[in-house]
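Structure at a glance
Chain residues, written in single-letter form:
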Amino acid sequence: MPAVRWVCWLLPAWPAALLLVAGSARRLFVLVLVWLALAVTRVVASRRRPYGCPKAIYVSHLALCSVPLVLSSVWFFAGPTTKGAAVTMLAATSLLVPVVDTLWSALGDVTTRWTWSDAVVLPAISVAVALLAFEFVAGPVLYPNPFGTDLAAANSPDRSYWYIVRKIDANGVNLATSYGFLGPEPALDYTGLRVVVLGDSIPAASHPVNFPRAAQALFTEQDAGRVEIFNAAFPGYSLEQMKRFYVERLAGLRHDIVVVSFYVDDINRELRYRKRNYYYTPSWPEWMQDVYYRCFVCRAVVDASGQTFLDYRARGRHESVPAALRTLDEIRAEAAKRGAVVAMLNVPFFNWPDVLATASDYRYGDINAIVEAWARDRNVRYHDVLPALVGRDIRHLRRAADDIHFNEAGHRLVGAELKRLLDDVIAHERLHDRATARRAASR
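Described below are features of the structure shown in this document. Counting restarts for each chain: residues are numbered from 1 in the order of the written sequence. Totals for whole chains, interfaces and linings use every residue, but because this is a predicted model, local features are given only for residues with pLDDT of at least 70 and side-chain atom pairs only at 80 or more, for both listing and counting. Computation of side-chain values: all heavy atoms of the structure, hydrogens and water removed.

**Quick word on the sheet that holds strand S8 (residues 341-347)**
For two strands to be treated as a pair, DSSP must find at least two bridges joining them. In this text, helices come from DSSP runs of H or I with a minimum length of four residues, and strands from runs of E with a minimum of two, each type numbered from the N-terminal end. A sheet is described by the order of its strands in space; here five strands give the open sequence S4-S3-S5-S8-S9, paired in parallel fashion. In this open sheet, the two strands that pair with only one neighbour each are strand S4 (227-233) and strand S9 (381-384). The average undirected angle you get between the axes of adjacent strands in this sheet is 20°. In the sheet, strand S3 (residues 193-199) pairs with strand S5 (residues 257-263) via four bridges, with the strands oriented parallel. Looking across to S5, one finds that Leu 198 is bridged to Val 260. Every residue pair with non-hydrogen atoms within 4.5 Å of one another is taken to be in contact. Think of each axis as a best-fit line through the C-alpha atoms, taken over the contacting stretch in the case of a helix, with angles from 0 to 180 degrees between the N-to-C directions. Sitting on the sheet, helix H14 (residues 365-377) is in contact with S5, S8 and S9, with an inclination near 160° to S9.

**Description of helix H9 (residues 211-222)**
Along an α-helix, residues three or four positions apart point the same way, because every turn accommodates 3.6 residues. Helix span, expected: 1.5 Å multiplied by one less than the number of residues in the helix. The end-to-end C-alpha distance of H9, which contains twelve residues, comes to 17 Å, matching closely the 16 Å that a straight helix rising 1.5 Å per residue would cover. Only protein chains enter the calculation, and the probe is 1.4 Å; a residue is then buried if its accessible area is under 20% of its type maximum, exposed if over 50%, and partly exposed in between. Taken residue by residue, H9 has Phe 211, Pro 212, Ala 214, Ala 215, Gln 216 and Phe 219 as its buried positions. In the core, the buried residues of H9 are packed alongside S3, S4, S5, S8 and helix H16 (408-428). Here a polar contact means two N or O atoms within 3.5 Å. Within protein one must be a hydrogen donor candidate and the other an acceptor candidate, and residues neighboring in sequence count only if both atoms are side-chain atoms. In this structure Asn 210 caps H9, since a side-chain oxygen of it lies 2.9 Å from the backbone nitrogen of Arg 213.

**Focus: the state of the cysteines**
What counts as a disulfide here is a pair of cysteine sulfur atoms lying within 2.5 Å. For the structure shown, the criterion picks out one disulfide. Linked covalently through their sulfurs, Cys 295 and Cys 298 form a disulfide whose S-S length is 2.5 Å. Handedness of the Cys 295-Cys 298 disulfide follows from its S-S torsion of about 70°: it is right-handed. Judged by its relative accessible area of 18%, Cys 295 falls in the buried class. Classification of Cys 298 by relative accessible area gives partly exposed; the value is 28%.

**Topic: the packing of helix H11 (residues 286-294) against helix H12 (residues 296-305)**
Viewed as axis vectors pointing N to C, H11 and H12 meet at an angle of 100°, and their least axial separation amounts to 5 Å. Looking at the two axes, H11 sits roughly perpendicular to H12. Facing Val 291, Tyr 292, Tyr 293 and Arg 294 of H11, the residues of H12 in contact are Phe 296, Cys 298, Arg 299, Val 302 and Asp 303. By definition in this entry, angles of less than 35 degrees are roughly parallel, angles greater than 145 are roughly antiparallel, angles of 65 to 115 are roughly perpendicular, and the rest are oblique.

**Section: unusual backbone geometry**
Despite not being glycine, Ala 204 has its phi angle at roughly 50°, a positive value. Topologically, Ala 204 is positioned in the loop between S3 and H9. Ala 204 sits in the buried class, given a relative accessible area of 4%. A positive phi is found at Arg 276, a non-glycine position, where the angle reads about 50°. Along the chain, Arg 276 falls in the loop between strand S6 (273-275) and strand S7 (278-280). According to the relative accessible area criterion, Arg 276 is partly exposed, its value standing at 37%.

**Describing the environment of Phe 76**
With respect to the helices and strands, Phe 76 occurs in helix H5 (residues 67-78). Residues Phe 76 and Phe 230, 154 residues apart in the sequence, show an inter-C-alpha distance of 43 Å.

**Brief notes about the side chain of Asp 101**
Inspection of the secondary structure puts Asp 101 in helix H7 (residues 96-107). Side chain to side chain, Asp 101 and Trp 9 meet in a polar contact 2.7 Å long. Of the polar contacts made by the side chain of Asp 101, one reaches the side chain of Arg 42; its length is 2.6 Å.

**Side note on the pairing of strand S1 (residues 151-155)**
As paired elements, S1 and strand S2 (residues 162-167) share five bridges and run antiparallel to each other. Each residue of the ladder has a partner; that of Asn 155, found in S2, is Trp 162. Linkage of S1 to S2, two consecutive antiparallel strands, is achieved through a turn of six residues, within which Arg 159 is found at a positive phi near 55°.

**Looking at the side chain of Gln 241**
Tracing the backbone through its elements, the reader meets Gln 241 in helix H10 (residues 239-248). The exposure class of Gln 241 is buried, given its relative accessible area of 1%. Separated by 2.9 Å, the side chain of Gln 241 and the backbone oxygen of Ser 160 make a polar contact.

**So, the pattern of salt bridges**
Throughout this description, the term salt bridge denotes a Lys or Arg side-chain nitrogen within 4 Å of a carboxyl oxygen of Asp or Glu. By the definition in use, this model includes 24 salt bridges. Here Arg 420 ties to Glu 417 by a salt bridge, and the two come within 3.4 Å at their closest N and O atoms. Here Arg 420 pairs with Glu 417, and both are found in helix H16, just three residues apart, close to one helical turn. Ionic pairing is found between Lys 419 and Asp 423, a salt bridge with its closest N-O pair at 2.7 Å. Pair noted here: Lys 419 and Asp 423 are both in helix H16, with a separation of four residues, about one helical turn. Taking relative accessible area as the criterion, Lys 419 reaches 8% and is therefore assigned buried. When salt bridges with common partners are traced through the structure, they connect Asp 200, Asp 265, Asp 266, Arg 269, Arg 313 and Arg 317 into a single cluster.

Here's what the structure looks like:
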């Protein structure tokens, strides 16, 4: 048995090596500290009491407690990258086997009276019942289905983006348009100016108050029907997905202006699709994501470890800027084919704690300068929302400190900024003449 004990006590060594390579000093320290505490307990206990246990039962306990280590190892190696949380889960499960050995040593000759029935079978049944109870009783309470039957999403043929097929409101009305975004169905014939806003969750298309609607209300106050704005934004979209949705799903939608709601957090997101309405990423094996969403016990363990594999990003924001500019060029080229004008509303990543004293204090000011230069070189009308937020307490404009989205006051402020941008585009491109000609042709 000495060889078996050596193996079980050496198991935490390679997770420790992974933590060392990953630079997780704090987690490595905790792992080593727990291992040393177990080792001291093991030595003291083995000297104090005789070690008498049926070897077969002892080995079976070690084998059963190594199952979580095997599963976490499979999880670790199946992922595309080494994540600190996955290593943490690996390290934690590697300690289970020496824990069992320590307990056996502490129990000493008490274990000589154990039988397979009370030492293996009954505990295994108890654990299985507890896990099943959590899975079918506590699991749905802790992780309820956030979608129900009111939301249905579909994916593009290559599953590089998703769109909405059905979203039922309280009156039983489907809020999804035939193009896949929320809002009223665009009329085939229109005589005013039509604006399409592309974005992620920042334009908040599913909320009753959002900045495209706020801008629409301001236009309506001036001249009803002159400008109609469609909020074709989706939570979680990357800039690349905005482009693909625009090129493919919105190919038949006539419009005059396409506004890119530029948000620096979108430029390095991975492409994602939806399955049973949950976010999936092609960067990770689909079976791992199925396990996470379908097994409540597994999700609880993964969440406890801090694993956030669905937020995986292969590149940083700064190194993603060149690709983002190419994507903007592709949106601009596609809009030109359709006779539409591209404009850009740059919404800052407003995660500062309270008041941003000056624009120079903004963390991504260098990226803003690059994007603004791109717009200037291509004669794209550009408007930065950052100056409107400088000097204001951002806590009064976003939902919460840990929810970086605008509240109603924030959306109204940004809506006024969007209207300023659109007024500039309409005047610069002489789009009033286009609308006048369209109305004359419809008579």
